Amino acid sequence: MTEKKEFQVNKNTPFWDASLTDQERIDWLLKEMTVEEKLGYLASSSPDLPRLGIPGVSVGGEAAHGVEGRNDQNGLGKPDVTTSFPQPIGMSASWDPELIRQAGEITGTEARVVWHRHQGHGLSRWAPTVDLERDPRWGRNEEGYGEDPVLTGKMAGAYIRGMQGDDSKYLRCAATLKHFYGNNTEVGRGWKNSSIDPRNKYELYLEPFRRCIEDGGAEGIMTAYNKINGTIGILNPEVTDILKKQYGLRHVVSDGGAMGLVVNLHHYFGQHAETIATALKAGVDAMSDDPRMVEQAAREAYELGILKEEDMDRSIRCMMETKLRLGVYDRENLNPYDRVTEDDIDSPKAREICKELSRESIVLLKNENGALPLDKALKAEDIAIVGPLGDAWYQDWYGGTAPYRTTFLQGMEVLKQENITFADGLDRVVFRCDGKGLAVAEDGTLQMADEPDVFIKEYWGEGSYTFKSVRTGKYLGARLSESQGESRNGTDCGRPGGSLRLVRDGDFPRGATGGWQRCADQPVSITRF
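Values in this document were obtained by computation on a predicted structure and should not be read as measured data.

A. Summary view of the overall build of the protein chain. The number of helices and strands found in the protein chain is 14 helices and 20 strands. Every one of the 529 residues in the protein chain was classed for burial, and the buried ones make up 52%. Sequence separation of 24 or more characterises 70% of the internal contacts of the protein chain that already satisfy a separation of 6 or more. Accessible surface for the protein chain amounts to roughly 24800 Å². Of this, 49% is attributable to carbon and sulfur atoms.

B. Up close: the packing of helix 4 (residues 97-117) against helix 13 (residues 348-361). Where helix 4 meets helix 13, the axes come as close as 10 Å, and the angle between the chain directions of the two elements is 140°. Taken together, helix 4 and helix 13 sit at an angle that is classed as oblique. Crossing angle aside, the handedness with which helix 4 passes helix 13 is left-handed. Of the residues in helix 13, those touching helix 4 at Leu99, Ile100, Gln102, Ala103, Glu105, Ile106 and Glu110 are Lys349, Ala350, Ile353, Glu356, Leu357 and Glu360. When its residues are assigned to classes, the contact of helix 4 with helix 13 shows 7 nonpolar, 1 polar and 5 charged.

C. Layout of the side chain of Lys244. Along the chain, the position of Lys244 falls in helix 8 (residues 238-244). Owing to a relative accessible area of 17%, Lys244 belongs among the buried residues under this scheme. A polar atom in the side chain of Lys244 sits 2.9 Å from the side chain of Asp285.

D. Representation of helix 12 (residues 309-325). Between the first and last C-alpha of helix 12 there are 24 Å, a value that for 17 residues agrees with the 24 Å anticipated at 1.5 Å per step. Backbone geometry just downstream of helix 12 places Gly327 in the positive-phi region, at approximately 80°.

E. Up close: the environment of Met155. One can find Met155 in helix 5 (residues 149-164). Taking the relative accessible area as the measure of exposure, Met155 reaches 3% and is therefore buried. For the pair Met155 and Asp96, spaced 59 residues apart in sequence, the C-alpha separation works out to 7.7 Å. Every residue in contact with Met155, bar those within four places of it in the chain, is listed here: Ser92, Trp95, Asp96, Pro97, Ile100 and Tyr145.

F. The arrangement of helix 5 in detail. The first and last C-alpha atoms of helix 5 sit 21 Å apart over 16 residues, in line with the 22 Å expected at 1.5 Å per residue. Counting buried positions along helix 5 yields 13 of 16 residues, so the element is predominantly enclosed. Two or three places before Val150, at the start of helix 5, stands the capping residue Asp148, its side-chain oxygen 2.9 Å from that residue's backbone nitrogen. Directly after helix 5, the chain includes Gly165, whose backbone phi takes a positive value near 85°.

G. Broad picture of the sheet that holds strand 2 (residues 174-180). One open sheet accounts for 4 strands, arranged 1-2-4-7; its pairing is parallel. In this open sheet, the two edge strands, each paired with only one partner strand, are strand 1 (124-125) and strand 7 (251-253). With 3 bridges joining them, strand 2 and strand 4 (residues 220-223) adopt parallel strand pairing. Counted as the bridge partner of Leu177 is Ile221 from strand 4.

H. Representation of the pairing of strand 11 (residues 436-440) within the structure. Most of strand 11 sits inside the fold, with 4 of its 5 residues counted as buried. The pairing of strand 10 (residues 427-433) with strand 11 spans 2 bridges and is classified as antiparallel. Residue pairing across strands places Arg432 opposite Gly437, the latter belonging to strand 11. Taking the residues between adjacent antiparallel strands as the criterion, strand 10 and strand 11 are bridged by 2 residues, where Asp434 takes a positive phi near 55°. Relative to strand 12 (residues 446-449), strand 11 runs antiparallel, the two being bridged by 4 bridges. Directly across from Val440, in strand 12, lies its bridge partner Leu446. Hairpin remark: strand 11 followed by strand 12, antiparallel, with 5 residues in the connecting loop; positive phi at Gly444, about 90°.

I. Inspection of the pattern of salt bridges at higher detail. Inspection of every chain in the model, using the stated rule, returns 41 salt bridges. When the shortest N-O distance is used, the salt bridge between Asp313 and Lys38 registers 2.8 Å. With Asp313 in helix 12 and Lys38 in helix 2 (residues 35-39), this residue pair connects regions lying 275 residues apart in the sequence. Taken as a pair, Asp313 and Lys38 share a single burial class, namely buried. With its nearest N and O atoms 2.9 Å apart, the salt bridge here joins Arg117 to Asp80. Of this pair, Arg117 sits in helix 4 while Asp80 sits in the loop between helix 2 and helix 3 (88-92), and the two are 37 residues apart along the sequence. If you follow the salt bridges from partner to partner, you end up with Glu62, Arg140, Glu143, Lys178, Glu186, Arg189 and Asp255 in one network.

J. Representation of the packing of aromatic side chains in the model. With the rule as written, the count across this model stands at 11 aromatic pairs. Summarising the aromatic geometry, the rings of Tyr268 and Phe269 are spaced 4.9 Å apart at their centres and angled 75° between planes, so their arrangement reads as edge-to-face. Geometrically, the ring pair formed by Tyr459 and Tyr465 is tilted, given 4.7 Å between the ring centres and 45° between the ring planes. Looking at Tyr465, the relative accessible area reads 17%, which means it is buried. Between the NZ or CZ atom of Arg70 and the centre of the ring of Trp397, over which it lies, the distance is 5.2 Å.

K. The sheet that holds strand 5 (residues 227-228), seen in detail. On the basis of which strands lie adjacent, the open sheet formed by 3 strands has the order 3-5-6 and mixed pairing. The open sheet terminates on both sides in strands that have one partner only, identified here as strand 3 (193-194) and strand 6 (231-232). Pairing between strand 3 and strand 5: 2 bridges, direction parallel. Within the sheet, the bridge partner assigned to Asn193 lies in strand 5 and is Lys227.

About the cut-offs
Residues numbered from 1 in each chain as written. Predicted model: local features only at pLDDT ≥ 70, side-chain atom pairs only at ≥ 80, totals over all residues. Heavy atoms only, no water. Helix = DSSP H or I, 4+ residues; strand = E, 2+ residues; numbered from the N terminus. Buried < 20%, exposed > 50% of the residue type's maximum accessible area, 1.4 Å probe, protein only. Contact = heavy atoms within 4.5 Å. Areas by Shrake-Rupley, 256 points an atom, 1.4 Å probe, with all protein chains shown as cover. Axes fitted to C-alpha atoms, helices over the stretch in contact; angles between N-to-C directions. Parallel < 35°, antiparallel > 145°, perpendicular 65-115°, else oblique. Left-handed = near helix turned anticlockwise from the far one by under 90°. Nonpolar A, V, L, I, M, F, W, Y, C, P; charged D, E, K, R; others polar. Polar contact = N/O pair within 3.5 Å; in protein donor to acceptor, adjacent residues only side chain to side chain. Expected span 1.5 Å × (residues − 1). Pairing = 2+ DSSP bridges. Salt bridge = Lys/Arg side-chain N within 4 Å of Asp/Glu carboxyl O. Phe/Tyr/Trp six-rings, centres within 6.5 Å; stacked < 30°, edge-to-face > 60°. Lys NZ or Arg CZ within 6 Å of the ring centre and 35° of its normal.

All we've got here are geometric facts, nothing functional implied.
Pasting the structure below:
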């Protein structure tokens, strides 16, 4: 991330005057901004305006079940520890809108604290996700609230009200719904076309958005990567025609990198200038792509005459309305939600709400022979916990850095005050090739050694495996599916077309981290224990 250059903030202009209406303040800003400045103000990451003394405030940051402050992609440094609630599918299973509202309130409050640590980031969060989870095989189950549009609208709406607060003027934190719309599958979601008939469109896929905007008051939405009936999400005129005109939505952002994908993946336009011009006219106000690419595309579109200043003004106005409601451009701090301290992170109340929501999220589907609840007199020596989730705490892509982690095994041992027998039920394997075995070196890289490391093998579906070193706790990942487009040079588990990669310490690998490593030019054999 490029460091901002210091400049003098000038609060002695009408833009900072909270006694004026928001529209009056924005009118002044748009009148004072040059065309060149406006061309650079169309990305979700907004630059400073040194000439006017106005610091940039960016939108973005995840908050599906608590503030995601890992800071592993934004260059902000060490992780910000925040409260991590159950995933939305679990929160929804509580059937308790008030409890979810309280979780949203804690999320919004902690977002305020993080904002004060990293001025310019994190007060407009990209959550909740209201795509329907109609089939678990579609993937992305970590984000959604379920298959029912009414339940999703009700529960996500409660989370939004907690995040944003109920003040008539100011927001605690701005909520942004994802992803508009028909964006329900993981594989191919960047380019697939969702064919949706009118009845399903209005009764299923649009209904959660309507409820969360009209009843929950969501500030914004994020468009989807995919096509809907042939129209790419970022270019969809329904953004204006339905979301803004019918539902009353304030602002719209694109999904990360979506502007570039119109040319590079969809091959719909030949240049980014066409994309940004069409997207702005469709009602998308900010592009979540590299700001330099966005500015260049906007400049080319303006020079070609396909983008007008009035198009830019309309989009800047929509984004600035939300920023003014957050109170970040008030001469004096008038936002009642900004009275936060570091003690508001991981507070006793946050822990209690998280614990209660975790309890309520559990659904008992079957209790054969009355096995539960366990007899309190049951001795630890008579208990065995079996299965890969028994001693695991997995962090998803949208999860933050939790203040503490407790597995099921750890919880049971605390209750019994004794060790409990545990088996994960997973295979232990070694990799051998040419008389050598795969091992993790002291510096964390892979090497062939006389004594191979033993790895715990776990299969996650669709050709995805993880291998965790018993000795070091480091992960390897393997992708066996040729359709995934991974390296074709190495070999993996005796099959051509795969590769091994070093991932990370401790945490379950969320994505590709570290370089791809080849074992050898010959197939690798696996010995299972």
